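Observations on the three-dimensional arrangement
Next come the chains, spelled out residue by residue.
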Amino acid sequence: MASGLLLALLGSIAFSGKAIIVKLAYRHGVDAVTLIMYRMLFALPIFAVMAWWASRGKPPLSRKDWLGVLGLGVTGYYLASFLDFAGLAYISASLERLILYLNPTLVVLLGWLLYGRGIRWPQAAGMLVSYCGVVLVFGHEANLQGTNVAWGALLVFLSAVSYAIYLVYSGELVQRLGSLRLVGLATTVACLCCLAQFVVLRPLSAAVVAPEVIWLSVLNATLCTAAPVLMVMMAIERIGAGMAAQAGMVGPLSTILMGVWILGEPFTVWVAAGTALVVAGIFVFTRLARRPGA
């Protein structure tokens, strides 16, 4: 129990560090296409080994399975990651994490739109509170930094939508392939997409970047990408998805603290209030909505 909770907490904090590393790398004049290429270049061997390990002794994938893996790899990891990186060029790490933290609400909204699934009143109340928190932080940041914040927030929100689509459609494949195998294969597809995107959109000379960008990308690929994926999956095995999700509430708080400490981002009463609303709303959404008769 304790080990699972610790893994969930560490995984959430490690995931949150991604935004900090991206913001640090942007200070060295690199763009989103090049930066995500380096992240995925260093992550590719890790995820390829993960896919191979999880596939040992398993039957080969059918054509339908491969199409599913390709589709989920593009939407859930490639597109979601690229939009997130692009958005971070315009908004703070704190706002980015709060927007991404809305992901469970987007999954429910997609279920309602695509499958007609009902939304309980605690879910609706939690969504309303959490979205108000994001709007509060967004409005404060837009007043300070101008209209580019709206573009950055939209990109990150679309990233969250893209990942929510992955979650909605991955259920059947997870049952057939297993979570580790699916994650390994889908992320390998995403890594290859990011490498191909760089080759198509940038000259090879664009790969020459500051040494700091290389080391930050290595750190991003290992500590903030591969390691938290494994930690969260191990945590879910030990304590279940529900409790792991509750432990993930430390994510926005850790991002804000790291943003203030490492990036020098301002911590204002507006950020504090908005974060409190988002965390409280998601708590209501994920916890109370599970209660019978809610």
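For the structure given in this document, a descriptive report is provided here.

Reading the values: rules and limits
Residues numbered from 1 in each chain as written. Predicted model: local features only at pLDDT ≥ 70, side-chain atom pairs only at ≥ 80, totals over all residues. Heavy atoms only, no water. Core = buried A, V, L, I, M, F, W, Y, C linked by side-chain atoms within 4.5 Å. Buried < 20%, exposed > 50% of the residue type's maximum accessible area, 1.4 Å probe, protein only. Helix = DSSP H or I, 4+ residues; strand = E, 2+ residues; numbered from the N terminus. Contact = heavy atoms within 4.5 Å. Salt bridge = Lys/Arg side-chain N within 4 Å of Asp/Glu carboxyl O. Phe/Tyr/Trp six-rings, centres within 6.5 Å; stacked < 30°, edge-to-face > 60°. Lys NZ or Arg CZ within 6 Å of the ring centre and 35° of its normal.

1. Notes on the nonpolar core
Counting 53 residues, the largest nonpolar core has Tyr 26, Leu 35, Val 69, Phe 85 and Leu 182 as its most contacted members. Looking at this core, the elements with two or more residues in it are helix 1 (2-26), helix 2 (32-55), helix 3 (63-87), helix 7 (148-169), helix 8 (171-177), helix 9 (179-201), helix 10 (211-247) and helix 11 (250-263). Among the elements that line this core, the one with the most residues is helix 2, at 12 residues. In contact with Phe 85, not counting residues within four places along its chain, are Lys 18, Val 22, Tyr 26, Ala 32, Leu 35, Ile 36, Arg 39 and Asn 220. Counting residues in each nonpolar core, the second largest holds 21 residues, with Leu 95, Leu 106, Val 134 and Ile 282 among its members.

2. Quick notes on the pattern of salt bridges
Within the structure shown, the criterion is met by 4 salt bridges. The residue Glu 96 makes a salt bridge to Lys 18 at a minimum N-O spacing of 3.0 Å. Of this pair, Glu 96 sits in helix 4 (residues 93-100) while Lys 18 sits in helix 1, and the two are 78 residues apart along the sequence. By relative accessible area, which is 8% here, Lys 18 ends up buried.

3. Focus: the packing of aromatic side chains
A complete count under the given rule lists 5 aromatic pairs for this structure. Relative to Phe 42, the ring of Tyr 38 has its centre 6.1 Å away and its plane inclined at 20°; by these criteria the two rings are stacked. One end of the pair, Tyr 38, and the other, Phe 42, are both in helix 2, 4 residues apart, so they sit about a helical turn from each other. Residue Phe 42 is classed as partly exposed on the basis of its relative accessible area, which comes to 28%. Between Tyr 77 and Tyr 163, the aromatic rings sit 6.1 Å apart at their centres with planes inclined by 75°, giving edge-to-face as the arrangement. Linking Tyr 77 in helix 3 with Tyr 163 in helix 7, this pair joins segments that are 86 residues apart in sequence. By relative accessible area, Tyr 163 is classed as partly exposed at 29%. Clustering of aromatic rings is evident, with ring pairs tying together Tyr 77, Tyr 163 and Tyr 166. Directly above the aromatic system of Trp 53 lies the positively charged group of Arg 56, at a separation of 3.6 Å from the ring centroid.

Function-wise, these values are silent; they only describe arrangement.
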